[in-house]
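# Overview (structure and organization)
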Amino acid sequence: KELSIRATLESVLNQTYPHFELIIVNDGSTDRSLEMARQFTDTRITIIDVPNGGVSNARNIGIAKANGEYITFLDADDLWYEYSLAEFKFLIDNFEKAQVFCTAHTLTIKSIQSREKRYYIDNFWKRNAESYARSTTALLCTGCIAIKKECFHTVTGFNSALTHGED
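Every value quoted in this text rests on a predicted model; they were computed, and no experiment measured them. (Residues numbered from 1 in each chain as written. Predicted model: local features only at pLDDT ≥ 70, side-chain atom pairs only at ≥ 80, totals over all residues. Heavy atoms only, no water.)

### Description of the sheet that holds strand β5 (residues 145-148)
Formally: By definition, two strands form a pair when at least two bridges between them are found by DSSP. Working definition: helices are DSSP H or I runs of at least four residues, strands are E runs of at least two. Numbering for both runs from the N terminus. Whenever a helix is involved, its axis is fitted only over the stretch in contact; in every case the axis is a line through C-alpha atoms, and angles between N-to-C directions fall within 0 to 180 degrees. Residues are treated as being in contact if the distance between any of their heavy atoms lies within 4.5 Å.
Taken in spatial order, the three strands make up an open sheet running β3-β5-β4, and their pairing is antiparallel. Each of the sheet's edge strands pairs with one partner strand only, and the pair in question is β3 (70-72) and β4 (100-102). This sheet shows a mean twist of 20 degrees between the axes of neighbouring strands, independent of strand direction. Note: β3 against β5, three bridges, orientation antiparallel. Across the sheet, Tyr-70 pairs through a bridge with Lys-148, a residue of β5. Taken strand by strand, helix α4 (residues 84-94) contacts β3, β4 and β5, and its axis lies near 135 degrees from that of β4.

### Observations concerning the packing of aromatic side chains
Think of a pair of aromatic rings as described by two things: how far the centres are apart, and how the planes are tilted against each other in angle. To be explicit about the condition: In this scheme Phe, Tyr and Trp rings, the latter by its six-membered ring, pair at centre separations within 6.5 Å, and the angle between planes marks the pair as stacked below 30 degrees, edge-to-face above 60, and tilted otherwise. Summary of the burial criterion: residues with accessible area below 20% of their type's maximum are buried, those above 50% are exposed, and those between are partly exposed, where the area comes from a 1.4 Å probe applied to protein chains only. Our definition puts a charge over a ring when NZ of Lys or CZ of Arg is within 6 Å of the ring centre and also within 35 degrees of the ring normal.
With the rule as written, the count across this model stands at five aromatic pairs. Taking 5.5 Å as the distance between ring centres and 0 degrees as the angle between the ring planes, the aromatic pair formed by Tyr-81 and Tyr-83 counts as stacked. Judged by its relative accessible area of 46%, Tyr-83 is partly exposed. Each residue in the set Phe-73, Phe-152 and Phe-158 is aromatic and connected to the rest through ring pairs, giving one cluster. Directly above the aromatic system of Phe-158 lies the positively charged group of Arg-59, at a separation of 5.8 Å from the ring centroid.

### What to know about the environment of His-19
Counting through the fold element by element, His-19 comes out in the loop between α1 (5-13) and β1 (22-27). A sequence separation of 49 residues divides His-19 from Gly-68, and the C-alpha atoms of the two residues are 9.9 Å apart.

### Remarks on the nonpolar core
This is how it is decided: The criterion is simple. A nonpolar core is a set of buried Ala, Val, Leu, Ile, Met, Phe, Trp, Tyr and Cys residues joined through side-chain atoms within 4.5 Å.
Counting residues in each nonpolar core, the largest one holds 19 residues, and the members touching the most others are Leu-9, Leu-13, Phe-20, Leu-22, Ile-24, Ile-45 and Phe-101. Among the secondary structure elements, those contributing two or more residues to this core are α1, β1, α2 (33-37) and α4. Of the residues forming this core, the biggest block, four residues, is contributed by α1. Residues within four places of Leu-22 in sequence aside, it is in contact with Leu-9, Val-12, Leu-13, Arg-44, Ile-45 and Thr-46. The next biggest cluster of nonpolar side chains, apart from the first, holds nine residues, and it includes Ile-71, Ile-147, Phe-152 and Phe-158.

### Comments concerning the environment of Thr-142
Along the chain, Thr-142 turns up in the loop between α5 (127-135) and β5. Along the sequence, Thr-142 and Phe-73 sit 69 residues apart, while their C-alpha atoms lie 6.1 Å from each other.

### Focus: the environment of Ile-92
Within the secondary structure, Ile-92 is located in helix α4. Between the C-alpha atoms of Ile-92 and Tyr-70, which are 22 residues apart in sequence, the distance is 9.2 Å. Those residues in contact with Ile-92, other than ones at most four positions away along the chain, are Tyr-70 and Phe-101.

### A closer look at α4
Condition: Summarising the geometry, the arc corresponds to the directions from the helix axis toward the C-beta atoms.
For α4, the full list of buried residues reads Ser-84, Leu-85, Phe-88 and Leu-91. Angularly, the buried residues of α4 cover 120 degrees about the axis, an arc narrow enough to put them on a single face. Next to the buried residues of α4 lie β3, β4 and β5.

### Structural notes on helix α3 (residues 55-65)
Every α-helix carries 3.6 residues per turn, so stepping three or four residues along brings you back to the same face. All of the buried residues along α3 are Ser-56, Ala-58, Arg-59, Asn-60, Gly-62 and Ile-63. For α3, the elements touching its buried residues are β1, β3 and α6 (150-155).

### Considering the confidence of the model for the chain
Put simply, the test is: pLDDT gives the predictor's per-residue confidence on a scale running from 0 to 100.
Residues at a pLDDT of 70 or more form 77% of the chain, whose mean pLDDT is 85. No element of the chain has a lower mean pLDDT than α5, at 59, and none a higher one than strand β2 (residues 45-50), at 98.

Below you can see the structure in the form of structure tokens.
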């Protein structure tokens, strides 16, 4: 991901909401992405370098290291709009009972319409939410979610046996 990591990190560091920690888990990359990440000197950045263990293992390491109450994810080739964290903050402040938050996203490979308005599913497993997820696009995408950290204790994190589709 050496060709995209700089833009990814800049998209995080340029957020309008500045109160965050950025944990970079280098999962045994063999290109120059770790070297490029180390060029950033922002005090909000923590870099963890581990042997390749897969995406699930890397996510679990980052979750364990995180000090915040909410966790978000961003892969090294993803970008956030400058207001992404501000939108999460808005959702967290205005939907007090929710523990998982999802924002709209844009895919550059596929053309998928996003919802224009915010909506709330009070029980994710309700039949209508399941039906929607099966009939159209997924309700959640790893790059545009924020999850209360305590949720990961309930489900014991990501399944490290899965090499893709872990989210």
